[in-house]
Amino acid sequence: MPGWELINHKEKKSLLSLFNEGGCLFAHGFEKHRKRFHVREFEKNIKNRFKSKYCVAVSSGTAAIKIALKALGVKRNDEVITQCFNFVATVEAIIDIGAKPIICNIDSSLNMCPKDLKKKITKKTKAIIPVHMLGVSCDMQKIKKIAKNKSIKILEDNCESVGGKYGKKFLGNVSNIGVLSFDFSKTITTGEGGAILTNNKKLYKFCKEYHDHGHQNNKKFSRGRDTVEYAGFNYRMTEMQAIIGKEQLKKLTFILKENKKRHRLINDILKNKFTIREINKNSTSIYDTFIFKVGSISKKKSIIKFLKKNLGTKNLPDAIKWHCSYYWKHMLSKKEIRNSFKGKQLLEQHIAIPILLKKSLSSYKFVANKINNI
Ligand SMILES: *Cc1c(COP(=O)(O)O)cnc(C)c1O
């Protein structure tokens, strides 16, 4: 997820131009002190890039999940199903609303297992959050079919696969509502930041108002006399984040192309010796992580030891505690921890190599050949 690697004079120039335009750092109003509305422009660019009808830019991916859950009508004591391989933010957002997180197992794609999802649905299930982990889509066809049969809404957590696709659609725009993250470790970054995508006007209206204290931005009135329907909160993005986001978004196509070159190269060297993470046949990966399975414990140890001196390892195993629900005893019931055990065992057999664009193709070739010979 290399957006941060590519921050250069372009972001710097854009940020300085914001100060030359009058220095308005706020998304609304102050018309005399600004020439443009950069958050609004960033939202427009996101909509165009990912072909969604609506977009709301917000302060973080975590905030985006919480707002989207609220928009879907999730309330206290409702159950929300998400997956064992994940990031803490998704469960935090569920808990913050007072809803109950239910953990679904993962399959060999390391994403939500549709078979287990079916078993986890109860009368209390209000929403399902499939999480497209580390570049790769969940099996959205199966998940959507299950949800549709039970009239349950889907929120895609697409914080980790920005630019990826399922079929012809961009991830985050495959179901009822979806979220993106632009935190500093993500594919494109605004430092902190996120966005909500939807094609549903009602959901959009709620998100737009809720993230901005309920402001309806009623054109008939000034902001100080604006109309309001719901109690909201402040999850707004700033102009500084948006102006950087606009530059980063222009780099996404290049990032995806370069990711793929590196991923392909490692794949070609390791595919005969290891089981490579399965990519759903309808999915276009963003290739930002190379994940493979190593059966032998001693071999796995040697490979990790070698990688630590080199490119490092991503979530698996380095940050597994932040990415596997088995470790979240501070947030989950004993039952959900038990439900996470199988997933933890599967994740423990995998190694994740980060794809970094500042590392050359030849350095990836060197690493892959070394691993092949261990
Ligand atoms: C990063 C991430 C989030 C949260 O995004 P922030 O912008 O850091 O709040 C949520 N879910 C997943 C899967 C993530 O990787």
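Shown above is the structure to which this text applies.
On a predicted model such as this, the values are computed, not experimentally measured, just so you know. (Residues numbered from 1 in each chain as written. Predicted model: local features only at pLDDT ≥ 70, side-chain atom pairs only at ≥ 80, totals over all residues. Heavy atoms only, no water.)

A word on the sheet that holds strand 13 (residues 350–354)
The condition that has to hold: Only strands that DSSP links by at least two bridges are regarded as paired with each other. Numbering of helices and strands runs from the N terminus, with a helix taken as a DSSP run of H or I at least four residues long and a strand as a DSSP run of E at least two residues long. Residues are treated as being in contact if the distance between any of their heavy atoms lies within 4.5 Å. The axes are straight lines fitted to the C-alpha atoms, using for helices just the contacting stretch, and the angles between their N-to-C directions are given from 0 to 180°.
Taken together, three strands build an open sheet; the order of strands is 10-12-13 and the sheet is antiparallel. Bordering the open sheet on either side are strand 10 (275–276) and strand 13, each of which pairs with just one other strand. Across two bridges, strand 10 lies against strand 12 (residues 289–293) in antiparallel orientation. Paired with T275 across the two strands is K293, which belongs to strand 12. Across the face of the sheet, helix 9 (residues 297–308) comes into contact with strand 12 and strand 13 while running at roughly 15 degrees to strand 13.

Quick notes on the nonpolar core
What counts, and what does not: For our purposes a nonpolar core is just a set of buried Ala, Val, Leu, Ile, Met, Phe, Trp, Tyr and Cys residues, chained together by side-chain atoms within 4.5 Å. Buried, partly exposed and exposed residues are distinguished by accessible area as a fraction of the type maximum, computed with a 1.4 Å probe on protein chains only: under 20%, between the cut-offs, and over 50%, respectively.
If you look at the biggest cluster of nonpolar residues, it comprises 49 residues, and the most contacted ones within it are L69, L155, I177 and I196. Counting only elements with at least two residues in this core, the list comes to strand 1 (54–58), helix 3 (61–71), helix 4 (88–97), strand 4 (125–129), strand 8 (177–181), helix 7 (201–210) and helix 12 (341–348). With seven residues, the single largest contributor to this core is helix 3. Once residues within four sequence positions are removed from consideration, I196 is found in contact with Y54, C55, V56, V58, A64, I67, I177, G178, V179 and C207.

Description of the sheet that holds strand 1
Spatial ordering of the open sheet is given by 1-9-8-5-4-2-3, a layout of seven strands whose pairing is mixed. At either margin of the open sheet sits one strand with a lone partner, and together these are strand 1 and strand 3 (100–104). Strand-to-strand, the axes of this sheet are offset by a mean angle of 25 degrees, without reference to chain direction. In this structure, strand 5 (residues 153–157) lies alongside strand 8, joined through three bridges in parallel fashion. In the sheet register, D157 faces strand 8, and the bridge partner there is V179.

The quantities given are spatial measurements derived from coordinates; they are silent on function.
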